[in-house]
Amino acid sequence: LLVDSADLPETGDPDEFHDHQLVGLRALDTAGDELGEVTEVVHTPAGELLGLRLAAGGEALVPFVTEMVPDVDLAAGTCTIDPPEGLLDLGTP
């Protein structure tokens, strides 16, 4: 089953997004420094994860919950990531 993403209606909820809206966003830390780019949204039984290609090299998965992703700004093409210490280090080479 395929649906053109341009045909999808807006969710109507400011905290709900379609996957295609998130992929490609620049991921910033809370200070505004670039961490990397969202490359995918992974759906698991426990919830969604943002797959990041890290600017420092490597990849990481970040739970897509308000505590770790406090802001998504589609107009600016960014999302703010506030992970616990060490989470992003798991994906670096």
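The structure this text deals with has already been given above.
Residues numbered from 1 in each chain as written. Predicted model: local features only at pLDDT ≥ 70, side-chain atom pairs only at ≥ 80, totals over all residues. Heavy atoms only, no water.

**Concerning the pairing of strand β4 (residues 59-63)**
Right, on to step 1. Going residue by residue along β4, you find Ala60 and Val62 tucked away on one face and Glu59, Leu61 and Pro63 left uncovered on the opposite face.
Right, on to step 2. With five bridges joining them, strand β3 (residues 47-54) and β4 adopt antiparallel strand pairing. Paired with Leu52 across the strands is Ala60, a residue of β4.
Right, on to step 3. Linkage of β3 to β4, two consecutive antiparallel strands, is achieved through a turn of four residues, within which Gly57 is found at a positive phi near 105°. (Buried < 20%, exposed > 50% of the residue type's maximum accessible area, 1.4 Å probe, protein only. Helix = DSSP H or I, 4+ residues; strand = E, 2+ residues; numbered from the N terminus. Pairing = 2+ DSSP bridges.)

**Here we look at the sheet that holds strand β1 (residues 26-28)**
Right, on to step 1. Across the sheet, six strands lie side by side as β4-β3-β2-β1-β6-β5; this open sheet has mixed pairing. Sheet topology places β4 and β5 (71-73) at the edges, where each strand pairs with a single neighbour. Averaged over neighbouring strand pairs, the angle between their axes works out to 35° when direction is ignored.
Right, on to step 2. Relative to strand β6 (residues 78-80), β1 runs parallel, the two being bridged by three bridges. Each residue of the ladder has a partner; that of Leu28, found in β6, is Thr80. (Axes fitted to C-alpha atoms, helices over the stretch in contact; angles between N-to-C directions.)

**With respect to the nonpolar core**
Right, on to step 1. Ranked by internal contacts, the top residues of the largest apolar core, which has 17 residues, are Leu50, Leu52, Val62, Val69, Cys79, Ile81 and Leu88.
Right, on to step 2. Sequence-distant contacts of Leu50, defined by excluding residues within four places in its chain, comprise Leu22, Val38, Glu40, Val41, Ala60, Leu61, Val62, Phe64, Val69 and Ile81. (Core = buried A, V, L, I, M, F, W, Y, C linked by side-chain atoms within 4.5 Å. Contact = heavy atoms within 4.5 Å.)

**Here we look at the side chain of Thr80**
Right, on to step 1. Tracing the backbone shows Thr80 in strand β6.
Right, on to step 2. Classification of Thr80 by relative accessible area gives buried; the value is 16%.
Right, on to step 3. Residues in contact with Thr80, not counting those within four places in the same chain, are Leu28, Asp29, Thr30, Met68, Val69, Pro70 and Asp71.

**Overview of the environment of Leu54**
Right, on to step 1. On the secondary structure map, Leu54 appears in strand β3.
Right, on to step 2. Linking Leu54 and Asp89, residues 35 residues apart in sequence, is a C-alpha distance of 9.8 Å.

**What to know about the pattern of salt bridges**
Right, on to step 1. According to the stated counting rule, one finds two salt bridges in the structure shown.
Right, on to step 2. Note that Glu34 and Arg26 form a salt bridge whose closest N and O atoms lie 3.6 Å from each other.
Right, on to step 3. When the shortest N-O distance is used, the salt bridge between Glu37 and Arg53 registers 3.4 Å. Note that Glu37 is positioned in strand β2 (residues 34-44) and Arg53 in strand β3, a separation of 16 residues in sequence. (Salt bridge = Lys/Arg side-chain N within 4 Å of Asp/Glu carboxyl O.)

**Considering the packing of aromatic side chains**
Right, on to step 1. Across all of its chains, the model carries one aromatic pair by this definition.
Right, on to step 2. Between the aromatic rings of Phe17 and Phe64, the centroid separation amounts to 6.3 Å while the plane-to-plane angle is 50°, which identifies the pairing as tilted. You can see Phe17 sitting in the segment before α1 (19-22) and its partner Phe64 sitting in the loop between β4 and β5, a full 47 residues away along the chain. (Phe/Tyr/Trp six-rings, centres within 6.5 Å; stacked < 30°, edge-to-face > 60°.)

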